[in-house]
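Here is how the chains run, residue by residue.
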Amino acid sequence: MADRTALQSSQGSTEVSANEPENNVRAGFLPLRWLYRASTFLAHYGIETHGIAPIPREERLEKRWYQMFFVWFSANMNILSFSTGTIGPAFFSLGVRDSIIVIVVVDLFAVFGPKLGTRAMVQSRFSWGYYGAIIPSALNVFSLQGFLILNCIIGGQTIASVNSHLDDTLGIVIIGIISLVVTFFGYRFLHWYESVAWIPNVIAFIVMLALGYPHLRANQSVSVPAPKASSLLSFGSAVAASMLSWCTITPDYGVYHSPDISSFRIFLYTYLGFLTAGLTAHTMGAAFAAAAPNVPAWNAGFQDSSSVGGLVYSVLTPVGGFGKLLTVLVALSVPSACAPCMYTFSTSFMVIAGWFALVPRWVYILISEGVLIPVAIIGAKTFYTTFVDILDIIGYWSAAFAAIVLIEHVLFRRASFTEDVYPITTWDSARLLPTGIPAIFAFFCACGALVPFMSQAWYVGPVAQDGSGDCGIYVGFVVGALTYAVFRGVECWYMKKRRISDGRGEEEEGVKETKLMRT
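Keep in mind the model is a prediction, meaning the values are calculated, not measured.

1. So, the overall build of the chain
At step 1: Helices and strands together make up the secondary structure of the chain, namely 22 helices and zero strands.
At step 2: Out of the 519 residues in the chain, the part that is buried amounts to 56%.
At step 3: Long-range contacts, defined here as pairs at least 24 residues apart, represent 83% of the contacts in the chain between residues at least 6 apart.
At step 4: Within the structure as shown, the chain displays about 21,900 Å² of accessible surface, and the carbon and sulfur contribution to it stands at 67%.

As structure tokens, then:
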């Protein structure tokens, strides 16, 4: 354990010195030695080689806290969030008013990043335990890869919509390569990219509103069937999943920032980044998708609700070459959502097992890229089914995960970030971390409880069949929170009772030893 901790901690700085202790540890395994030498070489060119060890307080010097706004503003002010909004009219047959009401209600809730200098999945060990955290880490790896696939599909479709001679495949490859470059350089380059990536999207959305306003206004008077409760709840679940799934990522993008700032201010930057971008993009997606059937040019570009990129380009077509330029820029900014997913994919993979942490972060990024492109090309053929299924599956487990971490932080750690409450030095010690048993039990209880409420293409639960829609996310969050509070409370009571009992036993042993010495 000590050797592994030293090895992982040695990756904590951007530069890797030649005489660090892992030289001796890795000397016996040639591939790891090669990887270490490659990391040393890359570090000299400013590429981040940090692993998953917590960042020491003295190295958390970044004071541009506004970056915590832009990283989430850029990640959500793009065509992926726009496409999430289109699900209401395109997939659940909701009108624009009903869709926007659901979006506004759901988007009022977001997540916050802590001040511990730990990666998201490393932080989860303080509620899930060392071995229990393997569960959310593994799920996070698959979920983030799913989001990467979706992002590339949308970006590929957008580029292909500009020219009939292009197809999704070329666009997917281009988006994948750009995402790889941004993520490969690491934390600081990613933050710089996110601080500017939102600009073309905001310009494009403003132009779209200006061009489409007459049609959007006319669509408000179009009569639509009364919405079904099941459709409203299912669309709400999809929107909630798109926002809630970020909670497994957010801590990763404040680990180098100085903790000399109030928790409320960190929360405010993060929340406003999600809220302003998500609410705007979701609402616009719903409005344009609802109006598309009544505008022949838009509907042709939308391709029967299968090409969000085509819808964007068809709206921008009236401005000619400038519209094509904006469409391409919107597509090329899709890595603003891909980069955080790919970055945290690598750190989550390293948390799954101690030996995985010995492999540098950039290796997992290359693995992610190798899986991403071929799967995205195949998945592009059934976009909306793929999109909704992946979003909801991610949302199911993310809801239970968020509930567990939130209850642990608020109820059992008194919403504090002090060293006494979160002893960061124990991050890699299975013996000193919580057992994780309450979290595992609560997670499986939540998963079991939400199954009857699921509504997917491949499975519809008995409750959902009765017309409730997909309520699995809501049920998973509530059950996860309640069961974890009970199980964790029982564990704390038992551990306290055991410590008292052990203390009395030691005291009695001391009395016996004293009597024996006297005799």
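After that view, the rundown keeps rolling.
2. Considerations on the environment of Ala-430
At step 1: Relative to the assigned elements, Ala-430 resides in the loop between α19 (383-412) and α20 (437-450).
At step 2: Separated by 300 residues in the primary sequence, Ala-430 and Tyr-130 have C-alpha atoms spaced 5.0 Å apart.

3. Re the nonpolar core
At step 1: Grouped together as the largest cluster of nonpolar side chains are 122 residues, with contacts concentrated most on Trp-72, Phe-82, Trp-128, Met-208, Phe-288, Trp-298 and Leu-311.
At step 2: In terms of residues, this core owes the most to one element, α19, which gives eleven residues.
At step 3: Those residues in contact with Met-208 that lie beyond four places of it in its chain are Phe-82, Tyr-213, Met-284, Phe-288, Val-312, Val-315 and Leu-316.

4. Quick notes on the packing of helix α9 (residues 134-162) against helix α18 (residues 361-379)
At step 1: Between α9 and α18, the shortest axis-to-axis distance is 9 Å and the interhelical angle comes to 55°. With respect to α18, the axis of α9 lies oblique. Of the two elements, α9 crosses α18, and the hand of that crossing is right-handed. The segment α9 lies against α18, with Gln-145, Leu-148, Ile-149, Cys-152 and Ile-153 engaging Ser-368, Val-371, Leu-372, Val-375, Ala-376 and Gly-379.
At step 2: Its residues placed into classes, the contact of α9 with α18 shows eight nonpolar, three polar and no charged.

5. Quick notes on the packing of aromatic side chains
At step 1: Per the counting criterion, the structure on display carries 30 aromatic pairs.
At step 2: Each ring, one from Phe-288 and one from Trp-298, has its centre 5.3 Å from the other, and the planes form 50°; the classification is tilted. Here Phe-288, found in helix α13 (residues 263-291), pairs with Trp-298, found in helix α14 (residues 296-302); they are ten residues apart in sequence, far enough to count as distant.
At step 3: Relative accessible area serves as the criterion here: at 0%, Phe-288 is assigned to the buried category.
At step 4: A centroid spacing of 6.0 Å and a plane angle of 75° characterise the contact between Phe-441 and Phe-487, whose relative ring orientation is edge-to-face. Of this pair, Phe-441 sits in helix α20 while Phe-487 sits in helix α22 (residues 472-518), and the two are 46 residues apart along the sequence.
At step 5: Linked through ring pairs, Trp-72, Phe-147, Trp-246, Tyr-253, Phe-274 and Tyr-343 together constitute an aromatic cluster.

6. A few points about a nonpolar patch on the surface
At step 1: Taken together, the side chains of Ile-177, Val-181, Phe-185, Phe-189, Trp-192, Val-196, Ile-199, Ile-203, Val-319, Phe-322, Leu-325 and Leu-329 make up a nonpolar region of the molecular surface, amounting to roughly 960 Å² of accessible area.
At step 2: Looking at the nonpolar patch, the elements that each hand over two or more residues are α10 (168-185), α11 (187-219) and α16 (321-332).
At step 3: With five residues, α11 is the single largest residue contributor to the nonpolar patch.
At step 4: Residue position: Phe-189 is located in helix α11.
At step 5: Classification of Phe-189 as partly exposed rests on a relative accessible area of 31%.

7. Some details on the environment of His-215
At step 1: Among the secondary structure elements, His-215 is positioned in helix α11.
At step 2: Spatially, the C-alpha atom of His-215 lies 9.9 Å from that of Ala-287, the residues being 72 residues apart in sequence.
At step 3: Each residue touching His-215, except ones within four places of it in the same chain, is listed here: Ala-291, Val-295 and Trp-298.

8. Some thoughts on the confidence of the model for the chain
At step 1: Of the residues in the chain, 82% have a pLDDT of 70 or more, and the chain-wide mean is 80.
At step 2: Put simply, helix α1 (residues 2-9) is where the chain has its lowest mean pLDDT, 40, and α20 is where it has its highest, 95.
At step 3: Note on residues 1-28: pLDDT is under 50 here. Beyond four places in sequence and across chains, it has 58 contacts.
At step 4: With pLDDT under 50 throughout, residues 107-114 is counted as low confidence; its partners more than four residues away or in other chains account for 29 contacts.

9. Observations regarding the pattern of salt bridges
At step 1: Under the defined criterion, the tally for this structure stands at six salt bridges.
At step 2: Residues Arg-488 and Glu-408 are paired through a salt bridge, measuring 2.8 Å at the closest nitrogen-oxygen approach. You can see Arg-488 sitting in helix α22 and its partner Glu-408 sitting in helix α19, a full 80 residues away along the chain. The residues Arg-488 and Glu-408 share a single accessibility class, namely buried.
At step 3: Linking Glu-491 and Arg-488 is a salt bridge whose minimum nitrogen-to-oxygen distance equals 2.8 Å. Of this pair, Glu-491 and Arg-488 both sit in helix α22, separated by three residues, roughly a single helical turn.
At step 4: Under the relative-accessibility criterion, Glu-491 is labelled buried at 13%.

10. Let's talk about the packing of α9 against helix α15 (residues 308-316)
At step 1: Contact geometry of α9 with α15 gives a least axis separation of 7 Å together with a crossing angle of 40°. Compared by their axis directions, α9 and α15 come out oblique. As for the relative orientation of α9 and α15, their crossing is right-handed in sense. Across from Gln-157, Thr-158, Ser-161 and Val-162 in α9, the residues of α15 making contact are Val-308, Gly-309, Gly-310 and Tyr-313.

11. Structural notes on the environment of Leu-166
At step 1: Examined against the element boundaries, Leu-166 turns out to sit in the loop between α9 and α10.
At step 2: Leu-166 gets classed as partly exposed once you look at its relative accessible area, which sits at 32%.
At step 3: With ten residues separating them in the primary sequence, Leu-166 and Gly-156 have C-alpha atoms 9.5 Å apart.
At step 4: With residues near it in sequence (within four places) discarded, Leu-166 still touches Ile-159 and Ala-160.

12. A few points about the side chain of Glu-369
At step 1: With respect to the secondary-structure elements, Glu-369 resides in helix α18.
At step 2: Although buried, Glu-369 forms no salt bridge, and the nearest oppositely charged side chain, Arg-361, lies 12 Å from it.
At step 3: Non-local contacts of Glu-369, meaning those with residues more than four positions away in its chain, are made with Gly-176, Ile-177, Leu-180 and Met-342.

13. Looking at the side chain of Arg-413
At step 1: Summarising the element assignment, Arg-413 is placed in the loop between α19 and α20.
At step 2: Side chain to side chain, Arg-413 and Glu-408 meet in a polar contact 2.8 Å long.
At step 3: When sequence neighbours within four positions are dropped, the list of residues in contact with Arg-413 reads Phe-126, Glu-408, Val-421, Tyr-422, Pro-423, Pro-434 and Arg-488.

About the thresholds
Residues numbered from 1 in each chain as written. Predicted model: local features only at pLDDT ≥ 70, side-chain atom pairs only at ≥ 80, totals over all residues. Heavy atoms only, no water. Helix = DSSP H or I, 4+ residues; strand = E, 2+ residues; numbered from the N terminus. Buried < 20%, exposed > 50% of the residue type's maximum accessible area, 1.4 Å probe, protein only. Contact = heavy atoms within 4.5 Å. Areas by Shrake-Rupley, 256 points an atom, 1.4 Å probe, with all protein chains shown as cover. Core = buried A, V, L, I, M, F, W, Y, C linked by side-chain atoms within 4.5 Å. Axes fitted to C-alpha atoms, helices over the stretch in contact; angles between N-to-C directions. Parallel < 35°, antiparallel > 145°, perpendicular 65-115°, else oblique. Left-handed = near helix turned anticlockwise from the far one by under 90°. Nonpolar A, V, L, I, M, F, W, Y, C, P; charged D, E, K, R; others polar. Phe/Tyr/Trp six-rings, centres within 6.5 Å; stacked < 30°, edge-to-face > 60°. Patch = residues over 30% accessible without salt bridge, like charges linked within 9 Å, V, L, I, M, F, W, Y side chains within 5 Å. Salt bridge = Lys/Arg side-chain N within 4 Å of Asp/Glu carboxyl O. pLDDT = per-residue confidence, 0-100. Lys, Arg positive; Asp, Glu negative; His and termini not counted. Polar contact = N/O pair within 3.5 Å; in protein donor to acceptor, adjacent residues only side chain to side chain.

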